[in-house]
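What follows is each chain in one-letter form.
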Amino acid sequence: MGNVTFNFEGKVAIVTGGGRGIGRAIALGLAGSGAQVVVTARTQSEIEQVAKEIEEKGGKVLPIVTDLTVPAQLEELVRETIKVFGRIDILVNNAARSFLRSLLELREDGWDKVFNTNVKAVWLLSRLVAKYMIEQKGGRIINITTVGAEKAELGMAAYGSSKAALKMLTRCMAREWAPFGILVNAVGPTLTRTDFSRPLWSNPELAKHVASAIPLGRIAEPEDIVGAVLFLASDAASFITGQTIYVDGGSLTT
Amino acid sequence: MGKIYCGRLEGKVAVITGAADGIGRATAIIFAQEGAKLAIADVNETGLAETARLVREEGGEVICRRTDVSVEEEVKALIDEALSHYSCIDILVNNAGITGNLNSLDQEDGSDWQRVYGVNVLGAVYAIKHVAPHMQARKKGAIVNTASVAGIRAGAGTNAYSASKAALINFTMTAACDLGGFNVRVNAVCPGLIKTGMTRPIFELAKEKGKEDKLGSRCELRRYGLPEEVARAILFLASDDASYITGQALPVDGGNTASLNMPGMKF
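I will try to describe carefully the structure that is included in this document.

## With respect to the overall build of chain A
Right, so step 1: The helix and strand tally for chain A stands at eight helices and seven strands.
Right, so step 2: In summary, chain A has a C-alpha radius of gyration of 17 Å against a globular reference of 18 Å for 254 residues, a match within 12%.
Right, so step 3: Projecting the C-alpha coordinates of chain A onto the three principal axes gives extents of approximately 50 × 40 × 40 Å.
Right, so step 4: Considering only contacts in chain A between residues 6 or more positions apart, those separated by 24 or more positions represent 73%.
Right, so step 5: In chain A, the 28 positive side-chain charges and the 26 negative ones have mean positions that sit 3 Å from each other.

Here is the structure:
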């Protein structure tokens, strides 16, 4: 990619799960287009590495360690963002959890962890941020979901169900916050080459099988997901809300 | 609205049908601003010439051809002319569409459905049929079809129009699946209520009844959209920013299809 030309000068963005994979690519994409970016995740060393990369390219960035399942830390994240940058224009809810388990094997606390991060934390953080966006008379929230929100896959029951819930939460936030000029949409990747999904693509035979089921003939790279997020965060998407753009190489066509 | 992108389509060649007005015209102008060279088509030659004038005003290069997209030879001639003039086609926007009559089903003898399907469905089929071999050979290409929210739900158009747009959405998926292996992407946009020549009767009726403020009230943003807002979504899907997106039908509808939107519900 590298040639994205959306302009986010003067805008402030928060990217959760920004330490690696898709979140890292989104943070770099936003910063590369002029946004000041708060990169947050649980692992300090990873977000500091991303911050370093952004700073080396002349971008403005603030790494903040956050456990999204602790409400007090969500408040701290938003407070610190406002303290340093003074506003929040774009929130990318990218952080997610998953356990590759069958429904018969998945533990109850595993289900809760998945839903707490993928759904509840998105609701809580989004409404903290929305309060500032309402004052600012507008903003953009982009939730990262998955093709698994539409179609079932083995071992992905909690993850897929939570992302389907997030898809509806996207619509509900769009519905409730439209009067305030807050547009809320989702981006749904297919299998993407990240640490998060390593078990699914690191086996060459399995990876080949998966790629052959995708019309564009390959799985996604983290950079593939960035364009849709930047588009939805930009003025170009001024009449789009409550929608999901699947960045899936055509996975959902069959 | 000012320019948002810059040079997104530098060096690309785009064919746009239904370019005499509304979304097609806005797409042509924005594509030209982004650096694309254009071949534009419509049955309305006066409107087409005006679009071409506006494109040249932006410094764009454009050729025009009167084309009834429901006639395969005319579509083939359009693609052939674009290819002989520019020697390649990177982007095809199947935007031509008609609304059909407000016939109730008991009056319908099939002729209106055939006319609407001829333009809205077969128009896209013919264009993709004739451009696909070229794009497949080059192992790249982006196609965007203008569908409609009417293709997703009821109450947004005539029976024939809605069914034709649903067909176009499904054809978007099947074509995306067939052409994906050649790195040719096929997507659709689904506009909600947009102020264009096609929707002029709706706007005039609302004005007559003094209900202009109700226009767009069915969507969450409580307004109608502008052609440019759809054109920018078409631009995104046609651009390399969307290089891994195919088979999608993206509503550009102010949230219309995302909610039940029951009147009077308040919290």
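Text resumes after the structure shown.
## Some words on unusual backbone geometry
Residues and elements named next belong to chain B.
Right, so step 1: One non-glycine residue, S87, lies in positive phi territory at about 65 degrees.
Right, so step 2: The phi dihedral of R222 is positive, around 55 degrees, even though this residue is not glycine.
Right, so step 3: Locating R222 in the fold gives a position in the loop between helix 6 (200-208) and helix 7 (227-238).

## Focus: the sheet that holds strand 4 (residues 90-93) of chain A
All names here are of chain A.
Right, so step 1: Taken in spatial order, the seven strands line up as 3-2-1-4-5-6-7 in an open sheet, and their pairing is parallel. The open sheet is flanked by strand 3 (61-65) and strand 7 (244-247), the only strands paired with a single partner. Neighbouring strand axes in the sheet, compared pairwise and without regard to direction, differ in orientation by 15 degrees on average.
Right, so step 2: Sheet topology places strand 5 (residues 139-144) next to strand 6 (residues 182-189); six bridges connect them, and they run parallel. Pairing of R140 across the sheet is with L183, part of strand 6.
Right, so step 3: Across the face of the sheet, helix 2 (residues 44-56) comes into contact with strand 2 (36-41) and strand 3 while running at roughly 180 degrees to strand 3.

## A closer look at the side chain of S259 of chain B
Right, so step 1: Within the element layout of this structure, S259 of chain B appears in the segment after strand 7 (249-252).
Right, so step 2: A polar contact of 3.1 Å, which involves the side chain of S259 of chain B, links it to the side chain of E220 of chain B.
Right, so step 3: When neighbours within four sequence positions are excluded, S259 of chain B is seen to be in contact with R175 of chain A together with E220 of chain B.

## With respect to the nonpolar core
Right, so step 1: Formed by 87 residues in total, the largest nonpolar core has its most connected members in L30 and F231 of chain A together with F31 and L38 of chain B.
Right, so step 2: Setting aside residues no more than four positions away along its own chain, F31 of chain B makes contact with L9, A14, I16, A36, L38, I91, V93, I234, L235 and A238 of chain B.
Right, so step 3: Of all hydrophobic cores here, the second largest spans 35 residues; its members include A41, C88, V131 and A132 of chain B.

## Comments concerning the packing of helix 1 (residues 21-32) of chain A against helix 2 of chain A
Residue and element names in this part refer to chain A.
Right, so step 1: With their axes 10 Å apart at the nearest point, helix 1 and helix 2 run at an angle of 25 degrees to one another. Looking at the two axes, helix 1 sits roughly parallel to helix 2. Judged by the twist between their axes, the crossing of helix 1 over helix 2 is right-handed. Residues R24, A27, L28 and A31 of helix 1 lie in contact with helix 2, whose contacting residues are V50, E53 and I54.
Right, so step 2: Broken down by class, the residue content of the contact of helix 1 with helix 2 amounts to five nonpolar, no polar and two charged.

## Let's talk about the environment of T246 of chain B
Right, so step 1: Position of T246 of chain B among the secondary structure elements: in the loop between helix 7 and strand 7.
Right, so step 2: Since its relative accessible area comes to 0%, T246 of chain B is described here as buried.
Right, so step 3: On a C-alpha basis, the gap between T246 of chain B and K76 of chain B in space is 24 Å, while along the polypeptide they are 170 residues apart.
Right, so step 4: Setting aside anything within four residues of it in sequence, one finds T246 of chain B in contact with L216, D248, G249, G250 and T253 of chain A together with A176, V184, R185, V186 and N187 of chain B.
Right, so step 5: Here V186 of chain B takes part through its backbone nitrogen, which lies 3.0 Å from a polar atom of the side chain of T246 of chain B.

## Some remarks on the environment of L235 of chain B
Right, so step 1: Turning to its location among the elements, L235 of chain B is positioned in helix 7.
Right, so step 2: The sequence separation of L235 of chain B and S104 of chain B amounts to 131 residues, and the corresponding C-alpha distance is 37 Å.

## Topic: the interface of chain A and chain B
Right, so step 1: Across the contact, 38 residues belong to chain A and 44 residues belong to chain B.
Right, so step 2: At the boundary of chain A and chain B, one finds zero salt bridges.
Right, so step 3: Linking chain A with chain B are 12 residue pairs in polar contact (both at pLDDT 80 or more), by the criterion used here.
Right, so step 4: Put simply, the parts of the chain that give the side of chain A that touches chain B at least two residues each are helix 5 (157-177), helix 8 (226-233) and strand 7 of chain A.
Right, so step 5: Here the element with the most residues in the side of chain A that touches chain B is strand 7 of chain A; it accounts for four residues.
Right, so step 6: In terms of residue class, the side of chain A that touches chain B is built from 19 nonpolar, 13 polar and six charged.

## Structural notes on helix 3 (residues 72-86) of chain B
Residues and elements named next belong to chain B.
Right, so step 1: Over its 15 residues, helix 3 extends 21 Å from the first C-alpha to the last, a length consistent with the 21 Å expected when each residue adds 1.5 Å.
Right, so step 2: The set of residues buried in helix 3 consists of V75, L78, I79, A82 and Y86. Buried positions in helix 3, seen along its axis, are confined to an arc of 90 degrees and lie on one side of it. Residues of helix 3 that are exposed and point more than 90 degrees away from the buried face comprise E73 and S84.
Right, so step 3: In the core, the buried residues of helix 3 are packed alongside strand 1 (13-17), strand 2 (37-42), strand 3 (62-66) and helix 4 (111-138).
Right, so step 4: Following helix 3 by one or two positions, S87 has its phi on the positive side, about 65 degrees.

What counts and how
Residue numbering note: each chain is counted from 1, following its sequence as written. Both sets of labels track the order of writing: A upward for chains, 1 upward for ligands. Predicted model: local features are reported for residues with pLDDT of at least 70 only, side-chain atom pairs are reported and counted for 80 or more only, and whole-chain, interface and lining totals are derived from all residues. Where side-chain values are given, they derive from all heavy atoms of the structure, hydrogens and water being excluded. What counts as a helix is a DSSP run of H or I of at least four residues, what counts as a strand is a run of E of at least two, and both are numbered from the N terminus. Every radius of gyration here is taken over C-alpha atoms, with the globule rule written as 2.2 Å times N^0.38, N being the number of residues. By the convention used here, residues are in contact when the closest approach between their heavy atoms is within 4.5 Å. Residues scored as positive are Lys and Arg, those scored as negative are Asp and Glu, and His as well as the terminal groups of each chain are ignored. One atom stands in for each charge, and that atom is NZ of Lys, CZ of Arg, CG of Asp or CD of Glu. When DSSP locates at least two bridges between a pair of strands, those strands are taken to pair. Between the N-to-C directions of two axes lies an angle of 0 to 180 degrees, each axis being a line fitted to C-alpha atoms and, for a helix, fitted only over the stretch in contact. N or O atoms closer than or at 3.5 Å make up a polar contact, with two conditions inside protein: a donor-capable atom paired with an acceptor-capable one, and, for residues adjacent in sequence, both atoms drawn from side chains. Buried residues of nine kinds, namely Ala, Val, Leu, Ile, Met, Phe, Trp, Tyr and Cys, make up a nonpolar core once their side-chain atoms join them within 4.5 Å. Burial classes follow relative accessibility: with a 1.4 Å probe on protein chains only, a residue under 20% of its type's maximum area counts as buried, one over 50% as exposed, and anything between as partly exposed. When describing relative orientation, an angle under 35 degrees is termed roughly parallel and one over 145 degrees roughly antiparallel, while 65 to 115 degrees is termed roughly perpendicular and anything else oblique. Each crossing is labelled by how the near helix is turned from the far one, with a counterclockwise turn of less than a right angle marking it left-handed and a clockwise turn marking it right-handed. All residues other than Ala, Val, Leu, Ile, Met, Phe, Trp, Tyr, Cys, Pro, Asp, Glu, Lys and Arg, Gly among them, are scored as polar; the first ten of these are nonpolar and the last four charged. Salt bridges are defined by distance alone: a side-chain nitrogen of Lys or Arg within 4 Å of a carboxyl oxygen of Asp or Glu. In this analysis, the expected span of each helix is defined as 1.5 Å times one less than the number of residues it contains. By definition, the arc is the one covered by directions from the helix axis to the C-beta atoms.

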